[in-house]
Amino acid sequence: MGDEALDRAGELARDWLAGLEERRVGPAGAPSLGGPLPEAGESPAAVIEALAAGAEPGLVASSGPRYFGFVTGGTLPAALAADWLTSAWDQNTMLHSMSPAAAAAERAATEWCRELLGLPAGTAAGLCTGAQLANVTALAAARNAVLGRAGWDVEAQGLAGAPPVRVIAGAEAHATVFYALRLIGLGRDTAIRVPADDQGRMLAGALAEELARGDGPTIVCAQAGNVNTGAFDPFEPILAACRAHGAWCHVDGAFGLWAAAAPARAHLTAGAAGADSWAVDAHKWLNVPYDAALAFVADPAPLAAAMSLTAAYLTTAAGDERNGGDWSPEASRRARAFPLWAALRQLGRRGVAELVEGHCALAARIAERLAGEPGVAILNDVVLNQVLVRFGDDDAATDAVVARVQDEGTCWLGGTRWQGRAAMRISVSGWRTTAEDADRSAAAIAGAWRAVA
Ligand SMILES: Cc1ncc(COP(=O)(O)O)c(C=O)c1O
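Presented here is a report on the structure given in the accompanying data block.

Conventions and cut-offs
Residues numbered from 1 in each chain as written. Predicted model: local features only at pLDDT ≥ 70, side-chain atom pairs only at ≥ 80, totals over all residues. Heavy atoms only, no water. Helix = DSSP H or I, 4+ residues; strand = E, 2+ residues; numbered from the N terminus. Buried < 20%, exposed > 50% of the residue type's maximum accessible area, 1.4 Å probe, protein only. Axes fitted to C-alpha atoms, helices over the stretch in contact; angles between N-to-C directions. Parallel < 35°, antiparallel > 145°, perpendicular 65-115°, else oblique. Left-handed = near helix turned anticlockwise from the far one by under 90°. Contact = heavy atoms within 4.5 Å. Nonpolar A, V, L, I, M, F, W, Y, C, P; charged D, E, K, R; others polar. Pairing = 2+ DSSP bridges.

### Re unusual backbone geometry
- Here the bond from Tyr290 into Asp291 is cis, since omega is 5°, no more than 30 degrees from zero.
- Here Asp291 shows up in the loop between strand S6 (277–281) and strand S7 (293–297).
- Its identity is not glycine, yet Asp90 carries a phi of approximately 50°, on the positive side.
- Counting through the fold element by element, Asp90 comes out in the loop between helix H3 (77–89) and helix H4 (100–116).
- For Asp90, a relative accessible area of 62% corresponds to the exposed category.
- For Gln419, which is not glycine, the phi dihedral falls at a positive 45°.
- Note on placement: Gln419 falls in the loop between strand S10 (414–418) and strand S11 (421–427).

And the structure:
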């Protein structure tokens, strides 16, 4: 039962992948998936046909070679195929006993990631849906640890009556850090914001001054890879200040932490391995299909204390076994370690380094092409895979170029505001992007600017 549907889905998937190179990058029109739920069910194959037809106009070629929006990775072939198997196998990774295979993949893949990122041996990892949830997970562990040191068991007692927790973040910290603080009860607006420089790097001297102004349970949120500029906070002085004041240091490294895996970029992350926790995506720069991210915590105890769940009918993990549910917020969940494992095996250590380095080179190439156009300014130091572009030194012109590029369809990218000024954001993160795609896209952007100017 269902063979026909699987065959058809396979064909449709192959057609989609084959069309990614040349298809219009943005959506072509409105999807059509609404209407009343039919009274009678349909055959699996008919359902797949209807889903594909209804979704088609609203699909975005975001895993194609000329999608530079947000920070969006593609899907490596081995990871995609493994993702199909993940659905067919339908394993639950909450408990080792539910799927020793999923547990083994999770153990191996998280350990490979830890090694690639240069994090300390013994660091614990939880698999989450994205860096937002990885920030939630790691910061919940941080909350447990800093309050634990103050004699407060936050898991048992909650936050009412707890010693105050001081949270310090850079002025250009990512929005999801504040979302995480909101979700774990520390409050979105209570974080102290330390000034950042023109690239968005937290000023370590200002952090040290801020840390010296108070005491008690403290969490510092640093960043590897600013979502606009790609810049890295200076981890060595940040960590030194945190150690001097007994503060927990968390690093949001959603995409930027992968620089540690590329020898020519690893200097950008110098010192980051000395932090207490890290959040990093797999579905961005590692090109694993949505959704996959990792929360790492150097000391496994507060992560387990914050995330594990017990009940009489749930089995515990013994010895080398791994209950995935002990390390991340979900109980039942998809075995997202299989595609992660497959992506890492397809790339190998060298392939990860080449992927990261290659994207950085392509970002620099696009920046160089655009910088040669009169009236175009590159706003950031292109140290990673992110490029910020401004046109005519004018907000309206810049917004108009972004809209025109999106409409024209050769490539897709978005806009942002960087330190009060409109900018185009280009993020090179997909494995399919070639130098030719970079040049074609730069030409399309330059053409849009000439039409607007
Ligand atoms: C620095 C940083 N942190 C967190 C996130 C959130 O990641 P996700 O959307 O995978 O949850 C992003 C997304 O771009 C990011 O750039």
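### Topic: the packing of helix H1 (residues 3–19) against helix H2 (residues 44–55)
- One way to put it is that H1 packs onto H2 with a least axis distance of 7 Å and a crossing angle of 25°. The orientation of H1 with respect to H2, classified from their angle, is roughly parallel. Crossing handedness for the pair H1 and H2: right-handed. Here Glu4, Ala5, Arg8, Ala9 and Leu12 of H1 lie close against H2, whose contacting residues are Pro44, Ala45, Ile48, Glu49 and Ala52.
- Of the residues belonging to the contact of H1 with H2, the class tally is seven nonpolar, no polar and three charged.

### What about the sheet that holds strand S4 (residues 218–223)?
- Pairing in this open sheet of seven strands is mixed, and the strands run S1-S7-S6-S5-S4-S2-S3 from one edge to the other. Edge positions in the open sheet fall to strand S1 (124–128) and strand S3 (192–194), since each of these has one partner strand only. Adjacent strand axes in the sheet meet at a mean angle of 20°, parallel and antiparallel pairs treated alike.
- The pairing of S4 with strand S5 (residues 248–252) spans five bridges and is parallel. Within S5, the position partnered with Ala222 by the bridge is Val251.
- Along the sheet face, H4 touches S1 and S7 and points at about 70° away from the line of S7.

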